[in-house]
Amino acid sequence: MDDILEFSDRHFLTPYIYPVEWTEDSWTRQFLSLMFLVTFNGYLLYLATAGFSYVFIFDKRLLKHPLILENQVWKEIRVACASVPIMAFLSTFCFVLEVRGYSQLYGSVQESSFGWPSIFFSTITFILFTDCLIYWIHRALHTRFLYKCLHKTHHLWKVSTPFASHAFHPIDGFSQSLPYHIYIFLFPMHKYVYLVMFLMVNIWTVSIHDGDFRVPLILRSFINGSAHHSDHHMYYNFNYGQFFTFWDKIGRSFREPSAFSGDSPLDQLLKKGILHKKQK
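K.L.:
Looking at this structure, I do not really get the overall build of the chain. What am I missing?
P.N.:
A count of helical and extended segments in the chain gives 10 helices and 2 strands. In the chain, the succession of α and β elements from N to C terminus is α-α-α-β-α-α-α-β-α-α-α-α. For 280 residues, the compact-globule estimate of 2.2 N^0.38 gives 19 Å, and the chain sits close to it at 20 Å. Classification of the 280 residues of the chain by burial places 49% in the buried group. Within the chain, contacts between residues at least 6 apart in sequence are counted, and of these 70% link residues at least 24 apart. Within the structure as shown, the chain displays about 14600 Å² of accessible surface, and the carbon and sulfur contribution to it stands at 68%. Taken together, the 24 basic and 21 acidic charged side chains of the chain have centroids lying 15 Å from each other.

In structure tokens:
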């Protein structure tokens, strides 16, 4: 994030936006700049990835499912767009600390004790660490009080579209993103790897809401994909995991996806005669 901020300062913010007395190392200026950048890119990333998925991957026949709300797509977009600035505001505190050098991000492979192998190692540990924490945070959000106050918004979409991916209460969305911020304050990671992982996490979040339940057979037992997360939306207390099924199995919250036994939302439409097999 420091390179993005530096680039923005050099080419836009310093020459055109801020007065001379607001130096680039000012806490206030950094916060405002990062708040703008995170909000703008949050909208861009959400609308681009969810839009792409909706147009090219999501099966529009699912919109005929009886659990789809009236004008659901626009409702999902409206909730997400209202939440993005608040999630960005909360995330900016973490990014300011990162930019000011309080994290363990580094900019050169030579700065790592293990060189290039550290890139691979940190990527794996980032995924495992965040998957564990998100499972327990997500499960906590299903306790009666937190569900009612925060997480219920996301479960309005029982049959989700890609635009549901970021359609959270903002506190809910931020709480589930916290592990990604926490990691870099505890463990060293190359800053560009972190940026790529942050982008990939957002793409993955869209993908588990896209209604494409195809998973290679060899991966079905441990990858938490769209089929698993679809059942989470439908049945609430199962499949809390983000990337893997490991913690669901440990926490006894794993449910074999209905899609794998021929009972996906699309299969339900076919069984009820809402869709004809020739349409499939």
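Picking up where we left off.
K.L.:
Could you clarify how one ought to interpret helix α4 (residues 117-140) in this entry?
P.N.:
Residues separated by three or four positions in an α-helix point in the same direction, a consequence of the helix having 3.6 residues per turn. Between the first and last C-alpha of α4 there are 35 Å, a value that for 24 residues agrees with the 34 Å anticipated at 1.5 Å per step. The elements touched by buried residues of α4 are β1 (105-106), α6 (170-186), β2 (189-190), α7 (191-207), α8 (226-235) and α9 (246-250).

K.L.:
Would you take a moment to explain unusual backbone geometry for this structure?
P.N.:
The phi torsion of most residues other than glycine is negative, and most of the peptide bonds are trans. Positive phi, normally seen in glycine, also occurs at Asn71, with a value near 55°. Notably, Tyr236 is not glycine yet its phi reads approximately 70°, a positive angle. Considering the arrangement of structural elements, one finds Tyr236 in the loop between α8 and α9.

K.L.:
Looking at this structure, I do not really get the pattern of salt bridges. What am I missing?
P.N.:
When their charged atoms lie close together, side chains carrying opposite charge are able to pair. Under the definition given, this model contains 7 salt bridges. The residue Asp2 makes a salt bridge to Lys191 at a minimum N-O spacing of 3.3 Å. On the criterion of sequence distance, the pair formed by Asp2 in helix α1 (residues 2-17) and Lys191 in helix α7 is long-range, its members being 189 residues apart. Through salt bridges with shared partners, a single network forms among Asp2, Asp3 and Lys191.

K.L.:
Help me out: how do you make sense of the packing of α4 against α6 in this one?
P.N.:
Each pair of packed helices can be summarised by the angle the axes make with each other and by the distance between the axes. Taken N-terminus to C-terminus, the directions of α4 and α6 make an angle of 140°; their axes are 9 Å apart at the nearest point. Put simply, α4 runs oblique to α6. In the crossing of α4 with α6, the sense of the turn from one axis to the other is right-handed. From α4, Ser122, Thr125, Phe126, Phe129, Thr130, Leu133, Ile134, Ile137 and His138 reach across to α6, where they touch Ser175, Gln176, Pro179, Tyr180, Ile182, Tyr183 and Leu186. Grouping the constituent residues of the contact of α4 with α6 by class yields 10 nonpolar, 6 polar and no charged.

K.L.:
Before we go on, may I ask you to explain the side chain of Ser165 in this structure?
P.N.:
By secondary structure assignment, the location of Ser165 is in the loop between α5 (144-149) and α6. On the basis of relative accessibility, which here comes to 0%, the residue Ser165 falls in the buried class. Within polar-contact distance, the side chain of Ser165 engages the side chain of His166 at 2.9 Å. Leaving out residues up to four positions away in the same chain, Ser165 has contacts with Tyr46, His154, Thr205, Val206 and His209.

K.L.:
Which parts of the structure should I look at to understand the packing of α6 against α7?
P.N.:
Across the interface, α6 lies against α7 with an axial gap of 11 Å and an inter-helix angle of 165°. Classed by the angle they form, the pair α6 and α7 counts as roughly antiparallel. In the crossing of α6 with α7, the sense of the turn from one axis to the other is right-handed. Touching Tyr180, His181 and Ile184 of α6 are Tyr194, Phe198 and Val201, all from α7. Looking at side-chain class alone, the contact of α6 with α7 contains 5 nonpolar, 1 polar and no charged residues.

Reading the values: rules and limits
- Residues numbered from 1 in each chain as written.
- Predicted model: local features only at pLDDT ≥ 70, side-chain atom pairs only at ≥ 80, totals over all residues.
- Heavy atoms only, no water.
- Helix = DSSP H or I, 4+ residues; strand = E, 2+ residues; numbered from the N terminus.
- Rg over C-alpha atoms; globule rule 2.2 N^0.38 Å.
- Buried < 20%, exposed > 50% of the residue type's maximum accessible area, 1.4 Å probe, protein only.
- Contact = heavy atoms within 4.5 Å.
- Areas by Shrake-Rupley, 256 points an atom, 1.4 Å probe, with all protein chains shown as cover.
- Lys, Arg positive; Asp, Glu negative; His and termini not counted.
- Charge placed at Lys NZ, Arg CZ, Asp CG, Glu CD.
- Expected span 1.5 Å × (residues − 1).
- Salt bridge = Lys/Arg side-chain N within 4 Å of Asp/Glu carboxyl O.
- Axes fitted to C-alpha atoms, helices over the stretch in contact; angles between N-to-C directions.
- Parallel < 35°, antiparallel > 145°, perpendicular 65-115°, else oblique.
- Left-handed = near helix turned anticlockwise from the far one by under 90°.
- Nonpolar A, V, L, I, M, F, W, Y, C, P; charged D, E, K, R; others polar.
- Polar contact = N/O pair within 3.5 Å; in protein donor to acceptor, adjacent residues only side chain to side chain.

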